[in-house]
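The chain contents come next:
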Amino acid sequence: IISDVMMPEKDGYEVCETLKNDERTSHIPIILLTAKADIDSRLQGLRTGADDYLIKPFLKEELLIRLEKMVELRRILQARYARMAEAPAQQPLAEPTLDGLFLQKIIVWVEANLSDSEFGGVALAGKMLLSESQLFRKIKALTGQSTALHIRSIRLRKAKEMLQQTRQTVSEIAYKTGFTSPYYFSRAFSQEFRFPPSDLRK
């Protein structure tokens, strides 16, 4: 979102603060535009959660470069958040951001319904108190994955942990992590980790 600071009814600082403190929109990068060049105004913008602050007048090229850098940073964050599925749901976050806590809640709900093969996007959206489309957009923005793929990743990482720590068979673990077919489980596992589940038993 690119927002001017000076606007009627609600200024850019208020818009930024509202969006950054709402779980549904906290992941959206925001650039504030303003003619105020003093340090206090810039600090106020950053305190409300703005990702960047641009003084008017500005060059179009400068804005485009800043947007490109934001997209690069978002890709780095997506890779980092996608790896969150590897951590235990109860493990405290090193940096408890609103987005990090949101993804940790997803892990908790998926693990709580691990053996339920019917637990998918609709059920998860209900638990997260979001619409299915809101949940999809948020997960996609944070991890680069669809809701279904993200749930599958959490299930597969839990399955990997069970393969390493228990003596249960591959089929038993497949059913216990919500897969209805051991064949599909093995195929999905190979796609996720680049080796079949049987390799962990060798």
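Residues numbered from 1 in each chain as written. Predicted model: local features only at pLDDT ≥ 70, side-chain atom pairs only at ≥ 80, totals over all residues. Heavy atoms only, no water.

1. Quick look at the overall build of the protein
Broken down by element type, the protein carries nine helices and three strands. Along the protein, from the amino end to the carboxyl end, the secondary structure elements read β-α-β-α-β-α-α-α-α-α-α-α. A globule of 202 residues ought to have a C-alpha radius of gyration of about 17 Å, yet the protein, at 21 Å, is considerably larger. Taken over the C-alpha atoms alone, the protein extends approximately 65 × 30 × 25 Å along its principal axes. (Helix = DSSP H or I, 4+ residues; strand = E, 2+ residues; numbered from the N terminus. Rg over C-alpha atoms; globule rule 2.2 N^0.38 Å.)

2. Quick word on the packing of aromatic side chains
With the rule as written, the count across this model stands at six aromatic pairs. On the basis of an interplanar angle of 65° and a centroid distance of 5.2 Å, the ring pair of F179 and F185 is categorised as edge-to-face. This pair shows no difference in class: F179 is buried, exactly as F185 is. Here F189 and F193 contribute two aromatic rings whose centre-to-centre distance is 4.7 Å and whose plane-to-plane angle is 55°, an arrangement assigned as tilted. In this pair, F189 and F193 both sit in helix α9 (residues 182-193), four residues apart, roughly one turn of the helix. Under the relative-accessibility criterion, F189 is labelled buried at 0%. Take F193: its relative accessible area is 11%, and that puts it in the buried class. Feature note: the residues F179, Y184, F185, F189, F193 and F195 constitute an aromatic cluster, connected by ring pairs. One cation-aromatic arrangement involves K138 over F102; the distance from NZ or CZ to the ring centre is 5.2 Å. (Phe/Tyr/Trp six-rings, centres within 6.5 Å; stacked < 30°, edge-to-face > 60°. Buried < 20%, exposed > 50% of the residue type's maximum accessible area, 1.4 Å probe, protein only. Lys NZ or Arg CZ within 6 Å of the ring centre and 35° of its normal.)

3. Focus: the sheet that holds strand β3 (residues 52-55)
With respect to topology, three strands assemble into an open sheet ordered β1-β2-β3, the strand pairing being parallel. Where the open sheet ends on each side, the last strands, each with one partner, are β1 (2-4) and β3. Pairs of neighbouring strands in the sheet enclose a mean axial angle of 25°, with direction left out of account. As defined by bridge partners, β1 adjoins strand β2 (residues 31-34) across three bridges and the pair is classed as parallel. (Pairing = 2+ DSSP bridges. Axes fitted to C-alpha atoms, helices over the stretch in contact; angles between N-to-C directions.)

4. Quick notes on the packing of helix α4 (residues 98-112) against helix α6 (residues 132-143)
Look at α4 against α6: their axes get within 11 Å of each other, and the N-to-C directions meet at 115°. Overall, the two elements α4 and α6 adopt an arrangement that is roughly perpendicular. Read as a crossing pair, α4 and α6 show a hand that is left-handed. Contacts from D99, F102, L103 and I106 in α4 reach L135, K138, I139, L142 and T143 in α6. The residue inventory of the contact of α4 with α6, partitioned by class, reads six nonpolar, one polar and two charged. (Parallel < 35°, antiparallel > 145°, perpendicular 65-115°, else oblique. Left-handed = near helix turned anticlockwise from the far one by under 90°. Contact = heavy atoms within 4.5 Å. Nonpolar A, V, L, I, M, F, W, Y, C, P; charged D, E, K, R; others polar.)

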